[in-house]
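Architecture at a glance
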Amino acid sequence: MLMKAQATADQAKRFAQLAQMAGDNVFTEFFGNRANAVLEAMYLQADNYNSHTHTTFLQEDAAVAGMIHAYTAAAARDQAPRTNWLYLKYARLQIFRVLATAILLRDILGFQGEHLSEEDYYIVYLAIYPQYRGRGHSKTLLNHASYLARQAGCSRLALDVDARNTIARAAYQRAGFVQIGQSKKVHIENERWGILRLAKPIAPG
């Protein structure tokens, strides 16, 4: 069952867990041990990339099984200033780590921000708890994203995936996504890291 997100502390914790899962713990690179606290705080706020207003949870037997978090290119553009301000506000003593990591990843962050088309409905996080995988939940959430995209006047789903994550790439390809772009690669702890932009046209509703 799909469940509209609300600004509650319990849902904020679920959001942070699933966002970290979907993002391969990239927030820990920025915020260290404050990563989940930052995500929880931003989830409870409006008008930012991590707001509950962009989230839909999926329940199975009254328990949260996963979520999808997505928004339009216009929302991404309009909410960028407040998002960046909140990142700095909630970083607290990790602020220098955040700034240093942002500089290190500037090519990747720039790619994410500059390559969204107005036709795109951008999926930021899609995550299913391990115990609920293999039950078709990802398909349900992607179908819901297509519905939301049509409601918003968008004609394509878009997302970014870690180039090293071959399992996720294969899963999205099976779902009909194709690669349309690629960021520059950066070195992080002796690994070359970059992201691939995948997209899928939305069938008319």
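Here we summarise the structure given alongside this text. Here the structure is a predicted model, which is why all the values come from computation and not from measurement. (Residues numbered from 1 in each chain as written. Predicted model: local features only at pLDDT ≥ 70, side-chain atom pairs only at ≥ 80, totals over all residues. Heavy atoms only, no water.)

Description of the overall build of the protein chain
Assigned secondary structure in the protein chain consists of eight helices and nine strands. The C-alpha atoms of the protein chain give 16 Å as radius of gyration, which agrees with the globular expectation for 205 residues (17 Å, within 12%). With the principal axes as the frame, the protein chain shows a C-alpha extent of 45 × 35 × 35 Å. When burial is assessed residue by residue, the protein chain has 48% of its 205 residues classed as buried. Intrachain contacts of the protein chain at a sequence separation of at least 6 include 72% that bridge at least 24 residues. A total of about 10700 Å² of accessible surface is found on the protein chain, and carbon and sulfur atoms cover 52% of it. Side chains of the protein chain give 23 positive and 17 negative charges; the mean places of these two sets differ by 1 Å. (Helix = DSSP H or I, 4+ residues; strand = E, 2+ residues; numbered from the N terminus. Rg over C-alpha atoms; globule rule 2.2 N^0.38 Å. Buried < 20%, exposed > 50% of the residue type's maximum accessible area, 1.4 Å probe, protein only. Contact = heavy atoms within 4.5 Å. Areas by Shrake-Rupley, 256 points an atom, 1.4 Å probe, with all protein chains shown as cover. Lys, Arg positive; Asp, Glu negative; His and termini not counted. Charge placed at Lys NZ, Arg CZ, Asp CG, Glu CD.)

Some thoughts on the packing of helix H3 (residues 35-43) against helix H4 (residues 73-91)
Where H3 meets H4, the closest approach of the two axes is 10 Å, and the angle between their N-to-C directions is 135°. Relative to H4, the element H3 is oriented oblique. Of the two possible hands of crossing, H3 and H4 adopt the one that is right-handed. Along its contact with H3, which presents Val-38, Ala-41 and Met-42, the element H4 presents Thr-83, Leu-86, Tyr-87, Tyr-90 and Ala-91. Residues of the contact of H3 with H4, tallied by class, amount to seven nonpolar, one polar and no charged. (Axes fitted to C-alpha atoms, helices over the stretch in contact; angles between N-to-C directions. Parallel < 35°, antiparallel > 145°, perpendicular 65-115°, else oblique. Left-handed = near helix turned anticlockwise from the far one by under 90°. Nonpolar A, V, L, I, M, F, W, Y, C, P; charged D, E, K, R; others polar.)

Topic: the sheet that holds strand E1 (residues 2-4)
Taken in spatial order, the seven strands line up as E1-E2-E3-E4-E5-E9-E6 in an open sheet, and their pairing is mixed. Looking at strand neighbours, the two that pair on one side only are E1 and strand E6 (178-182), the edges of this open sheet. For this sheet, the mean angle separating the axes of adjacent strands, direction not counted, is 30°. Docked against the sheet, H4 engages strand E3 (63-72) and strand E4 (120-128), running at close to 85° with respect to E3. (Pairing = 2+ DSSP bridges.)

Overview of the nonpolar core
With 51 residues, the main nonpolar core has Phe-15, Phe-31, Phe-57, Ile-123, Leu-157 and Phe-177 as its most contacted residues. Ignoring any residue separated from it by four or fewer positions in sequence, one finds Phe-177 in contact with Ile-123, Leu-142, Leu-157, Leu-159, Tyr-172, Leu-198, Ala-199 and Lys-200. Among the nonpolar cores identified, the runner-up in size contains seven residues, and Tyr-71, Ala-73, Ala-75 and Leu-116 belong to it. (Core = buried A, V, L, I, M, F, W, Y, C linked by side-chain atoms within 4.5 Å.)

Side note on the pattern of salt bridges
What the rule picks out here adds up to eight salt bridges. Between Lys-13 and Glu-40 there is a salt bridge, and its shortest N-O distance comes to 3.7 Å. With Lys-13 in helix H1 (residues 9-22) and Glu-40 in helix H3, this pair connects stretches of sequence that are 27 residues apart. The class for Lys-13 is partly exposed, based on a relative accessible area of 45%. One network of salt bridges, in which partners are shared, links Arg-77, Asp-78 and Glu-118. (Salt bridge = Lys/Arg side-chain N within 4 Å of Asp/Glu carboxyl O.)

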